[in-house]
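Survey of secondary and tertiary structure
Here is how the chains run, residue by residue.
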Amino acid sequence: MDKQPRTLTPEQMAKMKKMGKFFGWIFGILLVVGLLFLLTFNWITDYIWLDNLGFGSVFTTILGSKMTLIGVGFVLFFIASFLTLQWIRSSYINHFHESQLPPFLAEKKLSRLIIVGTSFFVGILGSSVVQGLGWEPLLKFLQHEKFGITDPHFNMDISFYMFVLPFLEFIVYLILTLAILALLTVIGAYSVFHMYRLSKRAQLHIGVTIGLVGLMVAAIHFLQPYHTLLSNQVNIFQTSVVYGLSYTDELINIPKAYILAGVAIIAAVWTIISLYRGRIKSAIIPIAAYVVVLIVGQGASMIVQSFVVSPNEFQRESPYLERNLEFTRAAYDLDEIKEEEHPGNYSLDEAMVERNSLTIDNIRINDSRPLLDIYNQIQTFRTYYRFNDIDIDRYEIDGDYQQVFIGARELSTEDLPEQAQTWVNRNLRYTHGYGIAMSHVNEITSQGQPQYLQRNIPVEGTIDVTRPQIYFGEEEYNDVIVNTKVDEFDYPSGDENVSTRYEEEAGIQLTGLNRLLFAIDQGSFRFLVSDQLDSESRLLKTRNIMDRVQKIAPFFEYDSDPYIFIRDDGSLAWMMDVYLIAENYPYSEQFSGDSNYIRNSVKVVVDAYTGEVDFYIVEPDEPLVKTYQTIFPDLFTEEIPEDVQRHFRYPETLFKVQSEMYGTYHMSNLEVFYNREDFWQFATENYFDSDVVIEPYYITMKLPEYEEEEFILMVPYTPRNRQNMIAWMGVRNDGEHYGELFVYTFPKQRNIYGPQQIENRINQDSTISQQLNLWSQGGSEVIRGNLIAIPIEDTIMYVEPIYIESSNETSLPEVKQIIVAYEDHIVMETTLERAMESLFELMDPDAGTPPATDDGDSEELPEDEDSMPSIPLEGAEMILEQFSTLFDDYQEALSSGDWEEAGRIMAEIEEILATME
């Protein structure tokens with residue numbers, strides 16, 4: 001007997017539906033929670049990391065402002081879309097019978113669902129746009145500090161242009177964007193069935209939308225006069241000689257902006273009334289009038305600029321040029337520069353050298369670029385160590401103020417042997433670099449290598465480094481876990497490796513939910529299953545110091561060249577410069593894009609062992625940093641430790657921007673400034689056999705009016721298209737004088753040799769150029785180092801190191817010669833001391849020669865053995881002939897490609913030269 005299929009009772013059906021509905025709700029809730037988790041996962045892990053560092057409030061402040069803008073953007077775009085679409089539907093419902101309309105318009109529920117869904121989608125898009133563009137302007141607008149300086153035309157504080165105006169424009173352009181999108185939507189919707197001709201509601205809708213566009217255009221024109229203070233553009237075709245308000249702006253462009261704003265408002269009202277009354281053609285009249293006024297205004301601006309300003313430009317623009325000069329100096333902190341005249345005398349003598357011995361002892365005869373190759377070959381010891389950069393700093397060593405080169409020996413796990421590229425090695429064992437290398441800027445070994453102050457592994461040297469491990473640095477480090485059951489590799493020692501354990505509580509503790517979250521974050525299941533991790537294990541995350549500070553404070557600009565230094569307690573830390581860069585400083589010329597204001601009001605220090613980050617305020621009265629301090633009160637550390645402050649360096653990037661601007665804005669005479677008659681530019685030098693612009697460089701020197709040497713960043717100037725030195729600019733770096741800018745100008749009535757003139761004279765010196773050419777032809781490369789100008793009291797001298805590097809890949813550049821140039825004299829010797837001795841001999845060839853007797857007779861003195869020429873005169877001709885033959889053979893071997901024979905001949909030539917010396 002066949003079984004009858006079982007049927008469900010109505011009660012069972014109802015129960016199953018109820019269970020299905022319940023599980024449906026559960027699934028829906030889980031789906032929403034899952035989506036929210038995916039969307040907010042990075043926020044969660046970032047907050048945990050930042051809170052661990054003590055910057056959780058910075059994250060929540062930024063996130064809170066973003067969420068506020070997301071909400072405002074969503075609501076604004078949603079409401080605008082909903083009202084627009086609802087009005088369109090209402091217009092169609094009132095104009096047509098339901099039977100004439102498609103179901104998505106006729107059916108209330110379906111149409112409402114479509115309108116709400118579309119508005120929701122538009123709201124999501126709008127919220128992302130608003131939060132992406134507006135969180136920082138919003139915070140600055142709400143909590144900005146005043147500059148206490150007002151512009152002379154509108155009498156508005158500088159903060160209005162920097163903080164208020166950008167936010168107002170953001171709001172106006174946001175509403176304008178919404179209005180234009182709505183206008184395109186209604187035009188498209190009402191073009192169907194010619195609704196714009198037939199429906200009053202449609203006409204009114206179009207009119208209101210056009211009116212809103214017109215009001216926003218009027219608002220833009222109303223704000224436009226303030227922009228005349230921020231640009232040199234007077235019309236679409238012409239620019240003014242003035243950055244900021246100009247004659248044409250005041251006479252034409254500002255009144256034109258107000259007129260256009262009025263016309264736009266009238267046009268908006270006229271259009272609404274005309275379309276409401278059904279007079280479509282008359283609605284075109286105000287729009288056409290607006291276009292006509294716009295064109296006429298541009299034409300008037302061009303006429304005034306061409307026929308009123310240009311023929312007599314200096315007289316017309318003089319008052320505005322003065323403002324341009326004053327405000328640009330203020331924007332770049334150039335208004336308090338101390339400018340003095342340097343006599344440029346030729347007064348160098350041995351007594352002056354003795355008085356300035358510390359300056360001479362700190363003359364840089366090494367160069368950081370070749371030095372990086374040397375450090376990486378001599379001081380790495382293993383393939384997985386690397387020096388990324390060599391920086392310059394100063395230390396008190398044995399009671400002496402010494403300028404040094406310093407570099408960090410960082411670990412690159414990418415360079416580990418292939419068999420060592422395991423998860424345990426990369427994440428648990430090989431976790432850090434080790435120590436630093438430090439060398440004198442002015443001392444070299446007999447082989448031309450740097451004379452080290454700190455070197456080797458473990459670190460040996462004159463400064464005690466108590467914590468040499470470098471967990472955080474410039475390398476592209478992966479995240480690592482410390483305090484595991486695996487001992488960390490510390491450093492190599494012979495055939496064995498020394499291990500260590502992490503001794504701090506820094507990092508994210510991998511317990512409970514943290515372990516799961518960061519396993520997902522790292523994309524590694526091993527975080528969950530590895531038996532090498534325990535409750536004490538900690539994750540060191542974001543170990544590249546640049547990435548680290550940018551994630552903490554993404555609103556700052558950071559210098560690309562951090563430098564490592566040794567604290568008083570022997571620990572290592574990184575110093576980074578922060579730039580506060582802004583736009584919209586009135587009357588100020590831009591240095592990059594629209595940026596026309598720059599300060600270095602903040603320094604960042606990152607501990608190389610713990611990764612602890614401190615943002616120190618070094619210019620507490622600067623309005624921009626005060627604004628950020630108001631917004632992020634927990635970001636900054638106000639008290640600066642003395643051992644940190646001692647290693648402040650005025651940043652080269654800021655100094656370069658300031659010195660470039662000062663090349664123009666040092667001119668105080670308006671007519672000279674207008675004609676750019678006294679324009680200064682950076683000097684050039686010959687570096688690696690090519691002419692390059694001199695970069696600012698650090699030197700240790702004694703300023704004329706002070707008793708002690710100090711750390712100075714300087715750059716020499718030459719006039720435009722000339723090579724003589726016209727001035728040099730410097731900035732002080734030590735103690736309470738940090739950041740003081742000064743300029744020394746040279747007499748314009750006589751030539752003071754500039755760097756390129758010295759380089760040209762070196763090239764023209766027959767003895768030096770012949771020797772350099774000889775070395776470069778012998779299978780070696782001659783590297784011309786930086787030519788350093790050294791101001792000493794009332795005079796100036798030049799020093800340039802000469803490196804020799806053989807052509808093989810593993811060769812080391814070595815300092816073989818030092819060139820010293822002073823006045824009309826140029827000498828080249830193996831050391832700076834010998835070069836200075838030779839220089840004084842050239843300057844005073846009779847020094848040390850016994851005076852002649854009165855009767856003209858002189859007693860014949862016996863010749864000292866050392867003073868006898870090493871080659872007898874009768875053998876000189878033979879030696880020269882032999883030298884000439886060997887050199888011809890050498891050239892022939894080179895041309896035929898016989899490098900081995902050429903090398904043998906060169907060795908013989910060098911042997912003969914050594915004998916002659």
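First things first, this report covers the structure right here in the doc.

1. Side note on the overall build of the protein
The helix and strand tally for the protein stands at 26 helices and 32 strands. In summary, the protein has a C-alpha radius of gyration of 37 Å against a globular reference of 29 Å for 917 residues, an excess of more than 25%. Principal axes of the C-alpha set define a box for the protein whose edges measure 135 × 100 × 60 Å. Here the protein, with 917 residues, has 50% of them falling under the buried criterion. Nonlocal contacts in the protein, meaning residues at least 24 apart in sequence, comprise 66% of its contacts between residues at least 6 apart. Approximately 45200 Å² of the protein is accessible, and the part contributed by carbon and sulfur atoms is 54%. Seen as two clouds, the 63 positive and the 135 negative side-chain charges of the protein have centres 24 Å apart.

2. Some words on the nonpolar core
Within the largest apolar cluster, 181 residues are counted, with the highest numbers of intra-cluster contacts made by Phe 555, Phe 556, Tyr 558, Phe 615, Phe 632, Leu 635 and Met 729. Every residue in contact with Met 729, bar those within four places of it in the chain, is listed here: Leu 334, Ile 337, Phe 655, Ser 659, Tyr 662, Leu 713, Met 714, Val 715, Tyr 717, Leu 741, Phe 742 and Val 743. One finds Ala 683, Leu 703, Val 799 and Met 828 within the second-largest nonpolar core, a separate group that totals 55 residues.

3. Some thoughts on the packing of aromatic side chains
Going through the model one piece at a time under the given rule, you end up with 51 aromatic pairs. A ring pair is formed by Phe 141 and Phe 167, whose centres lie 4.5 Å apart and whose planes are at 15 degrees; its orientation type is stacked. Of this pair, Phe 141 sits in helix α4 (residues 108-143) while Phe 167 sits in helix α5 (residues 158-191); the two residues are 26 residues apart in sequence, bridging distant segments of the chain. Note on Phe 141: relative accessible area 26%, which makes it partly exposed. Exposure remark for Phe 167: the relative accessible area of 10% places this residue in the buried category. Relative to Tyr 161, the ring of Phe 160 lies with its centre 5.3 Å away and its plane at 85 degrees, an arrangement referred to as edge-to-face. Residue Phe 160 shares its accessibility class with Tyr 161, and that shared class is buried. In textbook terms, an aromatic cluster arises when at least three aromatic residues are bridged by ring pairs, as seen for Phe 55, Trp 135, Phe 555, Phe 556, Tyr 558, Phe 615, Tyr 628, Phe 632 and Phe 636.

4. Comments concerning the pairing of strand β31 (residues 814-822)
Of all the nine residues making up β31, eight are buried; the element is thus mostly covered by neighbouring parts of the structure. One ladder, built from seven bridges, connects strand β30 (residues 795-806) with β31; its direction is antiparallel. Residue pairing for β31: Val 799 is matched across the bridge by Val 820. Pairing geometry for β31 and strand β32 (residues 825-829), over five bridges, is antiparallel. Residue pairing across strands places Tyr 822 opposite His 825, the latter belonging to β32. Count of turn residues in the β31/β32 antiparallel hairpin: two residues, of which Glu 823 carries a positive phi of about 55 degrees.

5. Details of the packing of α4 against helix α18 (residues 623-631)
Two quantities define a packed helix pair, namely the angle between the helix axes and the distance between the axes. Where α4 contacts α18, the two axes come as close as 9 Å, and the packing angle between them is 100 degrees. Classed by the angle they form, the pair α4 and α18 counts as roughly perpendicular. Only Thr 627, Tyr 628, Thr 630 and Ile 631 of α18 make contact with α4, whose side of the interface consists of Glu 136, Leu 139, Lys 140 and Gln 143. Its residues assigned to classes, the contact of α4 with α18 comprises three nonpolar, three polar and two charged.

6. Things to note about the pattern of salt bridges
When charged atoms on two side chains of opposite charge get close, those side chains can pair. Per the stated rule, a full pass over the model turns up 26 salt bridges. The shortest N-O distance in the salt bridge between Asp 46 and Lys 551 comes to 3.4 Å. Placement of the pair is Asp 46 in helix α1 (residues 10-53) and Lys 551 in helix α17 (residues 545-552), with a sequence separation of 505 residues. Through salt bridges with shared partners, a single network forms among Lys 338, Glu 340 and Glu 705.

7. Comments concerning the sheet that holds strand β13 (residues 508-509)
The strands that make up a sheet are held in pairs by hydrogen bonds between backbone atoms, and each pair lies either parallel or antiparallel. The sheet built from three strands is open, its strands ordered β10-β14-β13 with antiparallel pairing. Both outer strands of the open sheet, β10 (480-482) and β13, are each paired with one neighbouring strand and no more. Two strands pair when backbone bridges link them, and β13 and strand β14 (residues 538-540) are joined in this way by two bridges, in the antiparallel orientation. Across the sheet, the residue bridging to Ile 508 is Leu 539, located in β14.

8. Details of the side chain of Thr 500
Tracing the chain through its elements places Thr 500 in strand β12 (residues 496-500). A residue is classified by how much of its surface remains accessible, and Thr 500, at 16% relative accessible area, is buried.

9. Digging into a nonpolar patch on the surface
A contiguous nonpolar patch, built from Leu 513, Leu 516, Ile 520, Phe 525, Leu 528 and Val 529 and spanning about 580 Å² of accessible area, is present on the exposed surface. Among the secondary structure elements, those contributing two or more residues to the nonpolar patch are α15 (513-522) and α16 (526-529). Considering every element that reaches the nonpolar patch, the biggest residue donor is α15, with three residues. Mapped onto the elements of the fold, Leu 516 is located in helix α15. Under the relative-accessibility criterion, Leu 516 is labelled partly exposed at 39%.

10. Quick word on the packing of helix α9 (residues 284-309) against helix α10 (residues 313-331)
One can describe the packing of α9 onto α10 by two numbers: an axis separation of 9 Å at closest approach and a directional angle of 115 degrees. Facing α9, whose interface residues are Gln 305, Val 308 and Val 309, α10 presents Glu 313, Arg 316 and Glu 317. Considering only residue class, the contact of α9 with α10 consists of two nonpolar, one polar and three charged.

11. Digging into unusual backbone geometry
Cis geometry is adopted by the peptide bond preceding Pro 458, which originates at Ile 457 and carries an omega value of -10 degrees. Mapped onto the elements of the fold, Pro 458 is located in the loop between β7 (450-455) and β8 (460-461). In this structure, Asn 155 is a non-glycine residue whose phi angle is positive, near 60 degrees. Examined against the element boundaries, Asn 155 turns out to sit in the loop between α4 and α5. Residue classification places Asn 155 among the exposed residues on the basis of a relative accessible area of 56%.

12. Observations regarding the environment of Ala 608
Mapped onto the secondary structure, Ala 608 falls in the loop between β18 (595-607) and β19 (613-617). The spatial distance from the C-alpha of Ala 608 to the C-alpha of Gln 469 is 7.5 Å, given a sequence separation of 139 residues. Ignoring any residue separated from it by four or fewer positions in sequence, one finds Ala 608 in contact with Gln 469, Ile 470, Tyr 471, Phe 472, Leu 572, Ala 573 and Trp 574.

13. Description of the side chain of Gln 298
Looking at where Gln 298 falls in the secondary structure, it is placed in helix α9. Setting aside residues up to four positions removed in sequence, Gln 298 forms contacts with Asn 235, Ile 236 and Lys 256.

14. Side note on empty space enclosed by the protein
In the structure shown here, the tally under the stated rule is three cavities of 30 Å³ or more. Put simply, the largest cavity is a space of about 100 Å³. Lining the largest cavity are Gly 344, Asn 345, Tyr 346, Ile 752, Tyr 753, Ile 758, Thr 795, Ile 796, Tyr 798, Ala 821, Tyr 822 and Glu 823. Every element with two or more residues in the lining of the largest cavity is listed here: β30 and β31.

15. Regarding helix α23 (residues 766-776)
Listed in full, the buried residues belonging to α23 are Ile 768, Ser 769, Leu 772, Leu 774 and Trp 775. N-cap assignment for α23: the residue whose side-chain oxygen lies 3.1 Å from the backbone N of Thr 767 is Asp 765.

16. Observations regarding the environment of Val 291
By secondary structure assignment, the location of Val 291 is in helix α9. The class of Val 291 is partly exposed, set by a relative accessible area of 39%.

17. A closer look at a negative patch on the surface
A surface patch of negative charge is lined by Asp 349, Glu 350, Asp 361, Glu 396, Asp 398, Asp 400, Glu 443, Glu 833, Glu 837, Glu 841 and Asp 844. The element best represented in the negative patch is helix α24 (residues 832-843), accounting for three residues. Tracing the sequence through the fold places Glu 350 in helix α11 (residues 350-355). By relative accessible area, which is 56% here, Glu 350 ends up exposed.

Rules behind the numbers
Residues numbered from 1 in each chain as written. Predicted model: local features only at pLDDT ≥ 70, side-chain atom pairs only at ≥ 80, totals over all residues. Heavy atoms only, no water. Helix = DSSP H or I, 4+ residues; strand = E, 2+ residues; numbered from the N terminus. Rg over C-alpha atoms; globule rule 2.2 N^0.38 Å. Buried < 20%, exposed > 50% of the residue type's maximum accessible area, 1.4 Å probe, protein only. Contact = heavy atoms within 4.5 Å. Areas by Shrake-Rupley, 256 points an atom, 1.4 Å probe, with all protein chains shown as cover. Lys, Arg positive; Asp, Glu negative; His and termini not counted. Charge placed at Lys NZ, Arg CZ, Asp CG, Glu CD. Core = buried A, V, L, I, M, F, W, Y, C linked by side-chain atoms within 4.5 Å. Phe/Tyr/Trp six-rings, centres within 6.5 Å; stacked < 30°, edge-to-face > 60°. Pairing = 2+ DSSP bridges. Axes fitted to C-alpha atoms, helices over the stretch in contact; angles between N-to-C directions. Parallel < 35°, antiparallel > 145°, perpendicular 65-115°, else oblique. Nonpolar A, V, L, I, M, F, W, Y, C, P; charged D, E, K, R; others polar. Salt bridge = Lys/Arg side-chain N within 4 Å of Asp/Glu carboxyl O. Patch = residues over 30% accessible without salt bridge, like charges linked within 9 Å, V, L, I, M, F, W, Y side chains within 5 Å. 1 Å grid on protein atoms, 1.4 Å probe; cavity = no way out; pocket = protein on both sides within 12 Å on 5 of 7 lines; lining within 4 Å. Points joined across faces, edges and corners; volume = space filled by probe spheres on them. Polar contact = N/O pair within 3.5 Å; in protein donor to acceptor, adjacent residues only side chain to side chain.

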